[in-house]
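Now for the letters of each chain:
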Amino acid sequence: TRSLSITSVEQPIEKAQGDKVTLPCTFVLSEEDEGPLDIEWVLIPADNQKKEQIIIMYAVDRIYNHYYAAMTGRMQFTNPDPRSGDGSLDILNLKSADTGTYQCKVKKAPGVQSQKIQLTVLVKPARTKCSIEGSQEIGKDVILKCTSQEGSPLLSYDWRRVSGRQELPATSMLNKNTGELLLKNASQDYSGTYNCVASNRVGTDECSVELNVTPPINTAGIIAGAIIGTLLGLSVLVVLVFCCCKKHRDKKYEKEVHHDIREDVPPPKSRSSTARSYIGSNRSSLGSMSPSNMEGYTKTPYSQVPSEDFERPPGQNATFAPSKVAAPNLSRMGAVPVMIPAQSKDGSIV
């Protein structure tokens with residue numbers, strides 16, 4: 001007896017991330033299949049220990065698509081009425097996580113058929129960057145690098161020259177897996193614009209770089225210029241430091257001269273010097289005194305002597321022989337005692 005059969009071809013499918021894919025599942029019913037029609041799509045996990053996950057189902061003339069939250073809003077039956085014999089599934093806005101094995105099961109009693117499809121979601125190359133490694137001088141080796149920040153393996157890189165001569169230099173060596181283009185013993189003819197194309201099974205991306213091969217730089221002149229510039233800079237720095245120090249020294253000298261006391265101005269006399277002068281004058285007067293004028297001198301009040309203390313040490317006071325006429329006590333005045341002449345009984349001066 002004939003029963004339902006699936007007519008679509010079972011084969012792996014590769015699609016790019018963000019694209020739309022249709023997983024085919026067409027079938028033919030037989031006259032003996034009289035039961036209700038059921039179409040079920042499941043995701044078979046890579047780990048055999050895990051259970052299958054129902055993603056969408058058609059049963060009893062109704063569609064149920066709330067089983068798999070990761071694809072909610074992104075999946076639907078290709079034909080709104082699967083009873084027509086088309087149970088294919090559309091998945092929109094593919095993601096890399098959608099990669100897996102999908103199985104279509106068609107049931108209509110007594111017939112039951114299923115088909116598996118391997119879906120691989122690839123990421124296109126993206127954010128491809130070109131760069132130059134090495135010195136761009138004549139006679140040096142230069143490496144042109146090309147790398148894609150995104151993209152599913154296997155990525156392949158290809159370089160081409162888009163300015164001047166279209167072909168690559170004869171000494172160039174290309175590594176398609178790493179994206180490196182080695183230009184050995186570069187010359188000025190190698191200068192120009194180079195373009196790199198990164199590709200995989202689902203897409204391409206590209207970038208460009210400008211190569212400018214120049215004569216070697218005069219390093220001796222650069223070093224000499226750097227040394228001269230450094231010396232000039234140091235000279236200017238030394239002059240500035242010297243000027244600052246000299247200015248600081250001049251300001252300090254002016255400040256000291258302003259507060260200094262002139263040496264040619266005599267210092268003011270102290271009160272002690274005044275007392276010594278006064279007492280010295282009295283000594284001269286006493287030395288010229290005679291017995292006739294001594295009497296008047298003795299009446300001079302001692303209160304006229306300056307009040308400063310001007311006493312000699314006790315060991316320096318002179319002693320005099322006693323006489324009949326008492327001499328005034330001049331020690332308090334700071335003067336030297338003078339002997340007073342006296343007359344003896346026979347009239348002679350003693």
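Residues numbered from 1 in each chain as written. Predicted model: local features only at pLDDT ≥ 70, side-chain atom pairs only at ≥ 80, totals over all residues. Heavy atoms only, no water.

Under an unreviewed UniProt entry, the protein chain has the name CXAR protein and belongs to Himantopus himantopus.

J.: How should the sheet that holds strand 8 (residues 75-77) be read in this particular structure?
T.: What holds strands together in a sheet is hydrogen bonding between their backbones, with the strands either parallel or antiparallel. Pairing is antiparallel in the open sheet, where 3 strands are placed in the order 3-9-8. At either margin of the open sheet sits one strand with a lone partner, and together these are strand 3 (21-23) and strand 8. Pairs of neighbouring strands in the sheet enclose a mean axial angle of 25°, with direction left out of account. Looking at chain direction, strand 3 and strand 9 (residues 89-91) are connected through 3 bridges and run antiparallel. Counted as the bridge partner of T22 is D90 from strand 9. (Pairing = 2+ DSSP bridges. Helix = DSSP H or I, 4+ residues; strand = E, 2+ residues; numbered from the N terminus. Axes fitted to C-alpha atoms, helices over the stretch in contact; angles between N-to-C directions.)

J.: Can you walk me through the sheet that holds strand 7 (residues 62-64) in this structure?
T.: Spatially, 2-11-10-5-6-7 is the arrangement adopted by the 6 strands of the open sheet, whose pairing is mixed. Both outer strands of the open sheet, strand 2 (13-16) and strand 7, are each paired with one neighbouring strand and no more. Across this sheet, the average inter-strand angle for adjacent strands is 20°, counted without regard to direction. Relative to strand 11 (residues 111-122), strand 2 runs parallel, the two being bridged by 4 bridges. For I13, the partnering residue across the bridge sits in strand 11 and is L119.

J.: Would you explain the state of the cysteines in this entry?
T.: Linking two cysteines covalently through their sulfur atoms gives a disulfide. In the structure shown here, the tally under the stated rule is 3 disulfides. The disulfide partner of C25 is C104, and the gap between their sulfur atoms is 1.9 Å. Measuring the twist about the S-S bond at about -65°, one finds the C25-C104 disulfide to be left-handed. A residue pair is termed long-range when its members are at least 10 positions apart, and C25 in the loop between strand 3 and strand 4 (27-28) and C104 in strand 10 (residues 100-108) qualify at 79 residues. (Disulfide = S-S within 2.5 Å.)

J.: What is the right way to read unusual backbone geometry from this model?
T.: Negative phi is the rule for most residues except glycine; trans is the rule for most peptide bonds. In the segment running from A109 into P110, the intervening peptide bond is cis, with an omega of 5°. Geometrically, the link from P153 to L154 is a cis peptide bond, its omega value of 5° lying close to zero. Assignment of secondary structure puts L154 in the loop between strand 13 (142-150) and strand 14 (156-161). The backbone phi angle of R127 is positive, close to 55°, even though this residue is not glycine. Positionally, R127 belongs in strand 12 (residues 126-133). Non-glycine residue N185 carries a positive phi angle of around 50°. With respect to the secondary-structure elements, N185 resides in the loop between strand 16 (180-183) and strand 17 (192-200). Among the residues examined, N185 registers a relative accessible area of 52% and is labelled exposed. (Buried < 20%, exposed > 50% of the residue type's maximum accessible area, 1.4 Å probe, protein only.)

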